[in-house]
Amino acid sequence: EDQVTQSPEALRLQEGESSSLNCSYTVSGLRGLFWYRQDPGKGPEFLFTLYSAGEEKEKERLKATLTKKESFLHITAPKPEDSATYLCAVCTNRDDKIIFGKGTRLHILP
Amino acid sequence: EAQVTQNPRYLITVTGKKLTVTCSQNMNHEYMSWYRQDPGLGLRQIYYSMNVEVTDKGDVPEGYKVSRKEKRNFPLILESPSPNQTSLYFCASSSGLAGADTQYFGPGTRLTVL
């Protein structure tokens with residue numbers, strides 16, 4: 001069964017304290033892996049798409065990496081405005097379904 | 001402005017009263033999708049469409065219908081809503097190869113079924 005697991009469920013960091021969020025996946029075939037940010041009451045906002053193991057992408061304080069079994073979202077020197085829920089999702093090449101993980105709630109303390 | 005719009009944004013209804021939530025995108029995207037989001041369960045795909053007249057079931061399609069008669073519109077239909085369909089619903093669209101491209105999400109529709 002295709003599934004996506006994110007850890008930790010919640011994370012509290014001090015401003016400037018770098019950390020990583022994990023997304024492990026089990027799928028029959030990966031067409032793409034996505035990272036989104038979601039603020040309370042709003043729709044998810046796209047961050048990155050990764051397609052193959054070894055690929056990395058960066059945007060401001062965020063960097064996403066991909067292996068054959070998992071992806072990491074690295075947050076460097078976070079600021080309070082980085083507080084949000086971060087969602088990981090995969091698109092399978094068997095049927096083009098999209099499966100989301102349950103997300104990591106990130107809280108950055110000033 | 002490129003966007004996905006949903007209507008209504010909020011809806012309170014009663015069990016069994018048919019309703020439709022509209023979704024429209026102005027980006028000429030081929031792939032469109034409906035999700036529901038529930039506390040502790042995350043986002044779950046209800047239905048998706050890879051092009052006009054092509055729709056497929058996601059992980060939780062029971063109790064829902066969709067149609068894709070035009071490229072820009074993808075309405076979600078609840079023929080006989082029940083309280084367990086109370087949820088936050090999102091529509092999304094993406095271009096490129098099926099769903100493997102950036103998805104743009106609508107603002108959400110909060111549905112309460114009494």
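Brief notes about the overall build of chain B
- From N to C terminus, chain B includes zero helices and 11 strands.
- When the helices and strands of chain B are read in sequence order from the N terminus, they spell out β-β-β-β-β-β-β-β-β-β-β.
- Against the compact-globule benchmark of 13 Å for 114 residues, chain B has a radius of gyration of 13 Å, which places it among compact chains.
- In terms of its C-alpha atoms, chain B occupies a principal-axis envelope of roughly 40 × 30 × 25 Å.
- In chain B, the share of contacts with a sequence separation of at least 24, taken over all contacts with a separation of at least 6, comes to 53%.
- Total accessible area computed for chain B in this model is approximately 5,200 Å², and 51% of it derives from carbon and sulfur atoms.
- One finds the centroid of the 12 positive side-chain charges in chain B at a distance of 7 Å from the centroid of its 10 negative side-chain charges.

Brief notes about the state of the cysteines
Residue and element names in this part refer to chain A.
- Tallied over the full model, the rule gives two disulfides over all chains.
- The residue that forms a disulfide with Cys23 is Cys88, at a sulfur-sulfur distance of 2.0 Å. On the S-S bond that ties Cys23 to Cys88, the torsion sits near -65°, and the link is left-handed. Within this pair, whereas Cys23 is found in strand β3 (residues 19-26), its partner Cys88 is found in strand β9 (residues 84-92), the two being separated by 65 residues in sequence. With respect to class, Cys23 is no different from Cys88; both count as buried.

Some remarks on the sheet that holds strand β1 (residues 3-7) of chain A
All names here are of chain A.
- With antiparallel pairing, the five strands of this open sheet are ordered in space as β1-β3-β8-β7-β6. In this open sheet, the two edge strands, each paired with only one partner strand, are β1 and β6 (56-59). Put simply, the sheet's adjacent strands are angled 15° from each other on average, direction ignored.
- As defined by bridge partners, β1 adjoins β3 across five bridges and the pair is classed as antiparallel. In the sheet register, Val4 faces β3, and the bridge partner there is Tyr25.

Points about the interface of chain B and chain A
- Taken together, the contact pairs 24 residues of chain B with 20 residues of chain A.
- When chain B packs against chain A, close to 1,700 Å² is buried across both sides, 55% of that on carbon and sulfur atoms.
- Taken together, chain B and chain A are joined by one salt bridge.
- One salt bridge in this structure joins Lys97 of chain A and Asp59 of chain B, with 3.6 Å as the shortest N-O distance.
- Linking chain B with chain A are six residue pairs in polar contact (both at pLDDT 80 or more), by the criterion used here.

Focus: the pairing of strand β9 (residues 87-94) of chain B
Residues and elements named next belong to chain B.
- Counting buried residues along β9, eight of its eight residues qualify, which places the element largely inside the surrounding structure.
- With seven bridges joining them, strand β4 (residues 31-38) and β9 adopt antiparallel strand pairing. Along β9, the bridge assignment pairs Ser33 with Ala92.
- When β9 meets strand β11 (residues 109-113), the two strands line up antiparallel, connected through three bridges. In the strand pairing of β11, Tyr89 is matched with Thr109.
- As judged from the three bridges shared by β9 and strand β10 (residues 103-105), these two strands associate in the antiparallel manner. The partner of Ser94 across the bridge, within β10, is Gln103.

Focus: the packing of aromatic side chains
- This model, assessed by the stated rule, comprises 10 aromatic pairs over all chains.
- Aromatic side chains Tyr36 of chain A and Phe46 of chain A sit 6.0 Å apart centroid to centroid with 75° between the ring planes, which places their arrangement in the edge-to-face category. Linking Tyr36 of chain A in strand β4 (residues 30-38) with Phe46 of chain A in strand β5 (residues 45-50), this pair joins segments that are 10 residues apart in sequence.
- Residue classification places Phe46 of chain A among the partly exposed residues on the basis of a relative accessible area of 24%.
- Measuring from ring centre to ring centre gives 5.4 Å for Phe100 of chain A and Tyr35 of chain B, while their planes differ by 85°; the resulting arrangement is edge-to-face. Within this pair, whereas Phe100 of chain A is found in strand β10 (residues 98-100), its partner Tyr35 of chain B is found in strand β4, the two belonging to separate chains.
- When its relative accessible area of 8% is taken as the criterion, Phe100 of chain A is described as buried.
- The buried category is assigned to Tyr35 of chain B, whose relative accessible area is 0%.

Quick notes on the rules
- Residues numbered from 1 in each chain as written.
- Chains lettered and ligands numbered in written order.
- Predicted model: local features only at pLDDT ≥ 70, side-chain atom pairs only at ≥ 80, totals over all residues.
- Heavy atoms only, no water.
- Helix = DSSP H or I, 4+ residues; strand = E, 2+ residues; numbered from the N terminus.
- Rg over C-alpha atoms; globule rule 2.2 N^0.38 Å.
- Contact = heavy atoms within 4.5 Å.
- Areas by Shrake-Rupley, 256 points an atom, 1.4 Å probe, with all protein chains shown as cover.
- Lys, Arg positive; Asp, Glu negative; His and termini not counted.
- Charge placed at Lys NZ, Arg CZ, Asp CG, Glu CD.
- Disulfide = S-S within 2.5 Å.
- Buried < 20%, exposed > 50% of the residue type's maximum accessible area, 1.4 Å probe, protein only.
- Pairing = 2+ DSSP bridges.
- Axes fitted to C-alpha atoms, helices over the stretch in contact; angles between N-to-C directions.
- Buried area = accessible area lost by both parts, 1.4 Å probe.
- Salt bridge = Lys/Arg side-chain N within 4 Å of Asp/Glu carboxyl O.
- Polar contact = N/O pair within 3.5 Å; in protein donor to acceptor, adjacent residues only side chain to side chain.
- Phe/Tyr/Trp six-rings, centres within 6.5 Å; stacked < 30°, edge-to-face > 60°.

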